[in-house]
Amino acid sequence: MPRPYPITAGIFAGFALLAGCSKSEQPQTGNGLRSDMQLHDTAYYVANEAARVEMQGVCDKWKASQRSPFSWPSVVVETCNNVASANEAIRRTKDRDDFKKGMGI
């Protein structure tokens, strides 16, 4: 008994090969990625907006680099996590203040 869709399987295999050979990915050389930063905690980034904005830009470049986070230096991972936590803490504080204002508290 013949297979019902032998041509379809070939088409899917061809698409899989083409997807794996995409030329859109740039070589991951690491040029322009900074890792020369001091490690600060979340409270530091909550209190220092200029430092938080600068490090957010550095973290955005690392995220856009398409490098695996497992290959990032630990100082970059910790800094990006602390910046994200600071942004979240600021957002929660603002939301809480807006809620209190709306409730008349």
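Up top is the structure these notes are about.
Since we're looking at a predicted model, the values are computed, not measured. (Residues numbered from 1 in each chain as written. Predicted model: local features only at pLDDT ≥ 70, side-chain atom pairs only at ≥ 80, totals over all residues. Heavy atoms only, no water.)

Draft legend 1. Representation of the state of the cysteines. Considering all chains together, one arrives at 1 disulfide under this definition. The residue that forms a disulfide with Cys59 is Cys80, at a sulfur-sulfur distance of 2.1 Å. With the S-S bond torsion at -105°, the cross-link from Cys59 to Cys80 turns out left-handed. With Cys59 in helix 3 (residues 49-64) and Cys80 in helix 4 (residues 74-103), this residue pair connects regions lying 21 residues apart in the sequence. This pair shows no difference in class: Cys59 is buried, exactly as Cys80 is. (Disulfide = S-S within 2.5 Å. Helix = DSSP H or I, 4+ residues; strand = E, 2+ residues; numbered from the N terminus. Buried < 20%, exposed > 50% of the residue type's maximum accessible area, 1.4 Å probe, protein only.)

Draft legend 2. Representation of the pattern of salt bridges within the structure. Scanning the entire structure with this criterion turns up 5 salt bridges. Arg91 is paired through a salt bridge with Asp95; the nearest N and O atoms lie 2.6 Å apart. In this pair, Arg91 and Asp95 both sit in helix 4, 4 residues apart, roughly one turn of the helix. Taking relative accessible area as the criterion, Asp95 reaches 37% and is therefore assigned partly exposed. Ionic pairing is found between Lys94 and Asp98, a salt bridge with its closest N-O pair at 3.0 Å. In this pair, Lys94 and Asp98 both sit in helix 4, 4 residues apart, roughly one turn of the helix. Three or more residues joined by partner-sharing salt bridges are found here, namely Arg34, Asp36 and Glu54. (Salt bridge = Lys/Arg side-chain N within 4 Å of Asp/Glu carboxyl O.)

Draft legend 3. Molecular detail of the packing of aromatic side chains. Counted according to the given criterion, the structure contains 2 aromatic pairs. Between Tyr44 and Tyr45 the ring centres are 5.4 Å apart and the planes differ by 80°, which places this aromatic pair in the edge-to-face class. On the accessibility criterion, Tyr45 (1% relative accessible area) is buried. When the centroid spacing of 5.6 Å and the interplanar angle of 55° are considered together, the rings of Trp62 and Trp72 count as tilted. Separated by 10 residues along the polypeptide, Trp62 in helix 3 and Trp72 in the loop between helix 3 and helix 4 bring together distant segments of the chain. (Phe/Tyr/Trp six-rings, centres within 6.5 Å; stacked < 30°, edge-to-face > 60°.)

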